[in-house]
Amino acid sequence: QVQLVESGGGLVQAGGSLRLSCAASLRIARINAMAWHRQAPGKQREPVATITSGGSTNYLNAVKGRFTISRDNANNTVYLQMNSLKPEDTAVYYCGMSVLPGNVNYWGQGTQVTVSS
């Protein structure tokens, strides 16, 4: 059973930075896409950033130019560098990986990011 372990969340002032990490508990031969989603209190969960196996990235408009997703395939790890954080970025952030064959999706338990004004 694959488990994803997230780290790097916390409390930061507006304008600050955080780097989230997410590693798979088992060595996985083939990971397709990796992603970060977030869910703020009272709101629906939304995709923040995705990265394909080929390295193509896609971002939520609200975070473009501030967040960067990257991956380390050798270590089955995905990162989210978050700069110029805003209070509206406050949410629980979840990482996800799509594993081949079959694109089976796994999700982490979530890590809290709180941005104070």
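Look a little higher up for the structure.
From a predicted model like this one, the values you see are computed outputs, not experimental measurements.

**Student:** Tell me what's going on with the sheet that holds strand 7 (residues 67-72), and back it up with residues and numbers.
**Tutor:** Across the sheet, four strands lie side by side as 1-3-8-7; this open sheet has antiparallel pairing. What marks the edges here is a single partner per strand, and that holds for strand 1 (4-7) and strand 7. Within the sheet, the average angular offset between the axes of one strand and its neighbour, ignoring direction, is 15°. When strand 1 meets strand 3 (residues 18-24), the two strands line up antiparallel, connected through four bridges. The partner of Leu4 across the bridge, within strand 3, is Ala24.

**Student:** Please set out the nonpolar core residue by residue, giving values where relevant.
**Tutor:** Trp36, Val78, Leu80, Met82 and Tyr93 are the most contacted members of the largest nonpolar core, which has 30 residues in total. When residues of this core are traced back to their parent elements, those giving at least two are strand 3, strand 4 (31-39), strand 5 (46-51), strand 7, strand 8 (77-82), strand 9 (91-99) and strand 11 (111-116). Ranked by residues supplied to this core, first place goes to strand 9 with five residues.

**Student:** Now, about the state of the cysteines: what can you tell me, with residues and values included?
**Tutor:** All told, the structure shown has one disulfide when counted by the stated rule. The disulfide bridge from Cys22 ends at Cys95, spanning 1.9 Å between sulfur atoms. Residues Cys22 and Cys95 share a disulfide whose torsion about the S-S bond is about 45°; that sign makes it right-handed. Taken together, the positions of Cys22 in strand 3 and Cys95 in strand 9 put the pair 73 residues apart, joining distant regions of the chain. The burial state of Cys22 is the same as that of Cys95; both residues are buried.

Reading the values: rules and limits
Residues numbered from 1 in each chain as written. Predicted model: local features only at pLDDT ≥ 70, side-chain atom pairs only at ≥ 80, totals over all residues. Heavy atoms only, no water. Pairing = 2+ DSSP bridges. Helix = DSSP H or I, 4+ residues; strand = E, 2+ residues; numbered from the N terminus. Axes fitted to C-alpha atoms, helices over the stretch in contact; angles between N-to-C directions. Core = buried A, V, L, I, M, F, W, Y, C linked by side-chain atoms within 4.5 Å. Buried < 20%, exposed > 50% of the residue type's maximum accessible area, 1.4 Å probe, protein only. Disulfide = S-S within 2.5 Å.

The analysis is restricted to geometry; functional conclusions fall outside its scope.
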